[in-house]
Amino acid sequence: MTKLSVNINKIATLRNSRGGDIPNVVQFAKDVQRFGAEGVTIHPRPDERHIRYQDAYDLKSEVYTEYNIEGNPIPKFVDMVLKIKPTQVTLVPDSVDAITSNAGWDTIKHKDFLIEVIKEFKANGIRTSIFVDPDLRQIEGAKATGTDRIELYTEAFAHQYSLGNEDAIKPYMECAGLANTLQLGINAGHDLSLDNIAFFKENITGLLEVSIGHALIAESLYLGVENVIGMYLNKLK
Ligand SMILES: CC(=O)[C@@H](O)[C@H](O)COP(=O)(O)O
Ligand SMILES: NCC(=O)COP(=O)(O)O
């Protein structure tokens, strides 16, 4: 079964745009869970452009499904995650000024660093996942870090699929096959949408979780949040 984790970054973007507390991020997280989401994902960036560190603390008591905090493991981020102890932490090698996540880890070059930071999170009972490109060498490197799971970075698939290129799924299928052999859990995310999620899901064996935000929030502007979450859940069955 593939769990749907709703990334609520863009709710925070809208909230911050007027300087107040509308829409309320915590209430939105409560509502998406009530509508059937099986997880809530946030990605507090160092500039707090959308999710603030305080949001991460505020959400802890209200997320009763799976709580996934994503980010680059800079000291401030690591400290915050160790204090909150979410269900899962997803490590993403974002640069501070990145407009959005745009690359997976070089799990070979950063092996020693990842081993240490993953060990610390696991010692605190936090499930670990690392954001990776669909590259077999990176999957092998991920196994060496001791991570529980990988998150396949799906932007390349989403873009090519939107152009009609279904072959773009092939690297992801190969990487999923290797991950299953290595007993690495498989998550996926970035630019997944109502248009591409069913095709992705049906081709990826062992997909445990998808985290979806940008498209889901945009689709909800037209179709409604509860309706859209139901549509994703149906496509993930
Ligand atoms: C890692 C990833 O692709 C997403 O988790 C990320 O949260 C998107 O960040 P923005 O919402 O800032 O684009
Ligand atoms: N890890 C991916 C995520 O949380 C949401 O990415 P997107 O759907 O906003 O592109």
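Source: prediction; values computed, not measured. (Residues numbered from 1 in each chain as written. Chains lettered and ligands numbered in written order. Predicted model: local features only at pLDDT ≥ 70, side-chain atom pairs only at ≥ 80, totals over all residues.)

From N to C terminus, the protein includes eleven helices and eight strands. The globule rule puts the C-alpha radius of gyration for 237 residues at 18 Å, and the 17 Å found for the protein is close to it. The principal-axis extents of the C-alpha atoms in the protein amount to approximately 45 × 40 × 30 Å. The buried share among the 237 residues of the protein stands at 43%. Expressed as a percentage of contacts within the protein between residues at least 6 apart in sequence, the contacts between residues at least 24 apart total 64%. (Helix = DSSP H or I, 4+ residues; strand = E, 2+ residues; numbered from the N terminus. Rg over C-alpha atoms; globule rule 2.2 N^0.38 Å. Buried ≥ 20, exposed ≤ 12 C-beta atoms within 10 Å, placed from the backbone. Contact = placed C-beta atoms within 7 Å.)

Counting residues in each nonpolar core, the largest one holds 61 residues, and the members touching the most others are Ile8, Val40, Val132, Ile150 and Ile186. The residues touching Val40, leaving out its near neighbours within four places in the chain, are Ser5, Val6, Ile8, Ala29, Val32, Gln33, Leu59, Val63, Thr65 and Tyr67. (Core = buried A, V, L, I, M, F, W, Y, C linked by C-beta atoms within 7 Å.)

On to the site of ligand 1. With respect to spatial proximity, the complete set of residues near ligand 1 consists of Asn7, Asn9, His43, Glu70, Val92, Thr100, Ser101, Phe131, Gly189, His190 and Gly213. Taken together, the residues of the shell around ligand 1 sort by class into two nonpolar, eight polar and one charged. (Near = placed C-beta within 6 Å. Nonpolar A, V, L, I, M, F, W, Y, C, P; charged D, E, K, R; others polar.)

The next thing to look at is the site of ligand 2. Surrounding ligand 2, one finds 13 residues, the nearest of these being Asn7, Gly189, Ser211, Gly213 and His214. Looking at the shell around ligand 2, the elements with two or more residues in it are strand E8 (207-212) and helix H10 (214-223). For the shell around ligand 2, the residue count by class is three nonpolar, seven polar and three charged.

Where helix H5 (residues 111-123) contacts helix H6 (residues 136-145), the two axes come as close as 8 Å, and the packing angle between them is 45 degrees. In terms of their interaxial angle, H5 and H6 are classed as oblique. Relative to H6, H5 is oriented so that their crossing is right-handed. Residues Lys111, Leu114, Ile115 and Ile118 of H5 form the contact with H6, whose own contacting residues are Gly141, Ala144 and Thr145. For the contact of H5 with H6, the per-class residue count stands at four nonpolar, two polar and one charged. (Axes fitted to C-alpha atoms, helices over the stretch in contact; angles between N-to-C directions. Parallel < 35°, antiparallel > 145°, perpendicular 65-115°, else oblique. Left-handed = near helix turned anticlockwise from the far one by under 90°.)

Per the UniProt record, the feature "site: Transition state stabilizer" (unreviewed entry) sits at Glu151. Along the chain, Glu151 falls in strand E6 (residues 149-153). Ignoring sequence-local partners within four residues, the contact set of Glu151 consists of Thr90, Ser129, Ile130, Phe131, Val132, Asn187, Ala188 and Gly189. (UniProt positions renumbered as here; feature names shortened; annotations may be inferred.)

With that settled, consider H5. Each full turn of the α-helix corresponds to 3.6 residues, which orients residues three or four apart in the same direction. Relative to the 18 Å expected for 13 residues at 1.5 Å per residue, H5 spans 18 Å between its end C-alpha atoms, a close match to the ideal helical length. Along H5, the residues classified as buried are Leu114, Val117, Ile118 and Phe121. One side of H5 carries all its buried residues, which in axial view fall inside an arc of 100 degrees. Summarising the geometry of H5, the exposed residues directed more than 90 degrees from the buried face are Asp112, Glu116 and Ala123. The inward-facing, buried residues of H5 abut helix H4 (75-84), strand E4 (88-91), strand E5 (127-132) and H6. The positive-phi residue at the C-terminal boundary of H5 is Gly125, with phi of around 75 degrees. (Expected span 1.5 Å × (residues − 1). Arc of directions from axis to C-beta.)

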